Amino acid sequence: MIAYELRRALSGYEFRVAFCVALGLATLQLCFVPLQYCAADAWAQWRSGANGMPPTVWASWMGGTPQSIWSVLFYYLSPLLCCAPFASSGCADLNGGLAPVLAARSSAGSYARAKLVASCASGAVVFIVPQVMNLLATMLLVPLVQPDPVTMLFPITSRAAGAELYYTSPLCYTLLFLAIGTVYACLLNCLCAACSYRIRSRLTIILLPFLGSLLLSFLLDSVGLACYSPQNILSPYQQYPGMSIGAVLACLAAALASVVGYTAAKAPGADVL
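Rules behind the numbers
- Residues numbered from 1 in each chain as written.
- Predicted model: local features only at pLDDT ≥ 70, side-chain atom pairs only at ≥ 80, totals over all residues.
- Heavy atoms only, no water.
- 1 Å grid on protein atoms, 1.4 Å probe; cavity = no way out; pocket = protein on both sides within 12 Å on 5 of 7 lines; lining within 4 Å.
- Points joined across faces, edges and corners; volume = space filled by probe spheres on them.
- Helix = DSSP H or I, 4+ residues; strand = E, 2+ residues; numbered from the N terminus.
- Nonpolar A, V, L, I, M, F, W, Y, C, P; charged D, E, K, R; others polar.
- Phe/Tyr/Trp six-rings, centres within 6.5 Å; stacked < 30°, edge-to-face > 60°.
- Buried < 20%, exposed > 50% of the residue type's maximum accessible area, 1.4 Å probe, protein only.
- Polar contact = N/O pair within 3.5 Å; in protein donor to acceptor, adjacent residues only side chain to side chain.
- Contact = heavy atoms within 4.5 Å.
- Core = buried A, V, L, I, M, F, W, Y, C linked by side-chain atoms within 4.5 Å.

A.B. asks: Hey, could you go over the layout of surface pockets for me, with residue numbers and the actual values?
C.D. replies: The space that makes up the largest pocket amounts to roughly 360 Å³. Taken together, 20 residues line the largest pocket, and the ones lying closest to its centre are Tyr184, Leu187, Leu216, Pro230 and Leu252. The set of elements that each furnish at least two residues to the lining of the largest pocket consists of helix H10 (170-195), helix H11 (202-222), helix H12 (230-234) and helix H13 (245-266). Taken together, the residues that form the lining of the largest pocket break down as 18 nonpolar, 2 polar and no charged. Taken as a whole, the second largest pocket holds about 250 Å³ of empty space. In this structure, the second largest pocket is lined by 15 residues; those nearest its centre are Ser229, Gln231, Asn232, Gln239 and Tyr240. Where the lining of the second largest pocket is concerned, the elements lending two or more residues are helix H5 (69-83), H11 and H12. Sort the elements by how many residues they give to the lining of the second largest pocket and H11 lands first, with 4 residues.

A.B. asks: So what's going on with empty space enclosed by the protein? Which residues, and what values?
C.D. replies: Under the criterion given, the structure shown has 3 cavities of 30 Å³ or more. Reported here for the largest cavity is a volume of approximately 100 Å³. Contributing elements (two or more residues each) for the lining of the largest cavity: helix H6 (89-96) and helix H8 (108-139). No other element matches H8, which puts 5 residues into the lining of the largest cavity. Among the residues making up the lining of the largest cavity, the classes are represented as 8 nonpolar, 5 polar and 1 charged.

A.B. asks: Give a description of the packing of aromatic side chains that names residues and reports values.
C.D. replies: Tallied over the full model, the rule gives 12 aromatic pairs. Ring geometry for Tyr75 and Tyr237: centres 5.7 Å apart, planes at 80°, overall edge-to-face. Taken together, the residues span a long stretch of sequence, with Tyr75 in helix H5 and Tyr237 in the loop between H12 and H13 at a distance of 162 residues. You'll find Tyr75 and Tyr237 in the same group, each marked buried. Every member of this aromatic cluster is reached through a ring pair, and the members are Phe154, Tyr166, Tyr167, Tyr173 and Phe177.

A.B. asks: Report on the side chain of Gln131, specifying residues and quantitative values.
C.D. replies: Looking at the element boundaries, Gln131 is found in helix H8. Look at Gln131 and you get buried, because its relative accessible area is 1%. There is a polar contact of 3.0 Å between the side chain of Gln131 and the backbone oxygen of Phe127. Apart from the residues lying within four places of it in its own chain, the contact partners of Gln131 are Trp61, Met62, Phe74, Tyr75, Leu178 and Pro236.

A.B. asks: An account of the nonpolar core is needed here, citing residue identities and associated values.
C.D. replies: Grouped together as the largest cluster of nonpolar side chains are 60 residues, with contacts concentrated most on Tyr75 and Met243. The set of elements that each furnish at least two residues to this core consists of helix H2 (13-32), H5, H8, helix H9 (163-168), H10, H11, H12 and H13. With 13 residues, the top contributor of residues to this core is H10. Tyr75 has contacts with Trp61, Met62, Gly63, Phe127, Gln131, Gln231, Leu234, Ser235, Pro236 and Tyr237, leaving out every residue within four places of it along the chain. Core analysis: the second largest hydrophobic core is formed by 6 residues, Ala99, Leu102, Ala108 and Tyr111 among them.

Structure follows, in structure tokens:
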């Protein structure tokens, strides 16, 4: 059942569209920032090192360029792009009558678990792969120089979460934020799967995580906690410093465990299955 749902998730039209959009944003950022640093005449003096440190990977890739509209768009649209591929498939199966057939071939619990795994996997691929490809491509264009806080060329300040890790091991810092973003993408997909038993509109299910993230960002910003907004915890450059990585991971893990537990408990008893 898991293999079947994974094939559906990673070969569907929705997945291809979401992945292409995410990869397109990563490619545009690569063309407008690292490629310009590498080849444009306007940056020739900076490349020569005459002004100090030349352009570096960690201040050029999409996770380190809050000044790039393409980076901002990627992290802003991530809740939508990560849920578009397969989060609404439960609605389609229930509305089309496929869900009872699939559940009858194994069990309702197996079907629900496979749906969760496939949704989370597709969302993780859409979130991780474009960023990794952008980072690797940036390494081909600009030097891989260790970040130095004295230069003030890097987006991470002393108040940012994991600042010490960033300036000692930027790769580990990047992997940490990729993990945080992956957990958040999985949480959103699991929420969509849980809502599919109550809401039968595919469009509503797809838009719900994005609109919910916007609302959560607005509410957190209103009470002075913008550093914990979804867009801020997804973006390695941390536009709003001050959050606690431990608190973010604890909240995401607790929420994910609750949603998965609720879905696993409710799915076997759903009348339609």
